[in-house]
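# Architecture at a glance
Listed below are the residues making up each chain.
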Amino acid sequence: MKKYEVKIYYTGFCTYEIDAENEEQAITKARNLEINRNEILSNIENWKEADEAFETENKKSK
């Protein structure tokens with residue numbers, strides 16, 4: 001058996017209602033707000049194209 005370090009990536013989003021003068025300012029303001037963890041977990045999707053696996057060195061216990 002080989003050992004691997006695996007990273008599984010996901011995409012998700014949070015929705016905010018922002019008062020701003022333009023789109024850039026609205027995005028900047030939203031990025032500084034707290035993440036709504038309930039919303040982000042409800043819309044999370046696997047991003048299979050980004051998943052990675054790296055073979056690690058098998059180290060024997062002493």
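These notes cover the structure that comes with them. (Residues numbered from 1 in each chain as written. Predicted model: local features only at pLDDT ≥ 70, side-chain atom pairs only at ≥ 80, totals over all residues. Heavy atoms only, no water.)

### What about a nonpolar patch on the surface?
In plain terms, the rule: Each patch is assembled from residues with relative accessible area greater than 30% and no salt bridge, linking like charges that lie within 9 Å and nonpolar side chains (Val, Leu, Ile, Met, Phe, Trp, Tyr) that lie within 5 Å. The accessible surface values rely on the Shrake-Rupley method and a 1.4 Å probe; as for residues, cover is taken only from the protein chains in view. Definition used for salt bridges: Asp or Glu carboxyl oxygen within 4 Å of a side-chain nitrogen of Lys or Arg. Strands here are runs of E lasting at least two residues and helices are runs of H or I lasting at least four, both read from the DSSP assignment and numbered beginning at the N terminus. Residue burial is assigned from relative accessible area. The probe radius is 1.4 Å, only protein chains are included, and a residue is buried under 20% of its type maximum, exposed over 50%, and partly exposed in between.
On the surface, Tyr4, Val6, Ile8, Tyr10, Leu41 and Ile44 cluster together into a nonpolar patch covering about 620 Å² of accessible area. Here tyrosine 4 lies in strand β1 (residues 3-7). We classify tyrosine 4 as partly exposed; its relative accessible area is 47%.

### Description of the pattern of salt bridges
Tallying each qualifying case throughout the model produces one salt bridge. We note a salt bridge from glutamate 55 to lysine 2, for which the minimum N-O separation is 4.0 Å. Highlighted residues: glutamate 55 in strand β4 (residues 52-56) and lysine 2 in the segment before β1, separated in sequence by 53 residues. For the pair shown, glutamate 55 and lysine 2 are each scored as exposed.

### Considerations on the packing of aromatic side chains
What counts, and what does not: When the centres of two rings from Phe, Tyr and Trp lie within 6.5 Å, Trp using its six-membered ring, the rings pair. Their planes under 30 degrees apart give stacked, over 60 give edge-to-face, and anything left gives tilted.
Per the counting criterion, the structure on display carries one aromatic pair. On the basis of an interplanar angle of 80° and a centroid distance of 6.3 Å, the ring pair of tyrosine 9 and tryptophan 47 is categorised as edge-to-face. Residue tyrosine 9 is located in the loop between β1 and β2 (10-11), and its partner tryptophan 47 is located in the loop between β3 (45-46) and β4; the two are separated by 38 residues in the primary sequence. For tryptophan 47, a relative accessible area of 41% translates into the label partly exposed.

So far we have only geometry, and geometry alone does not tell us how the molecule works.
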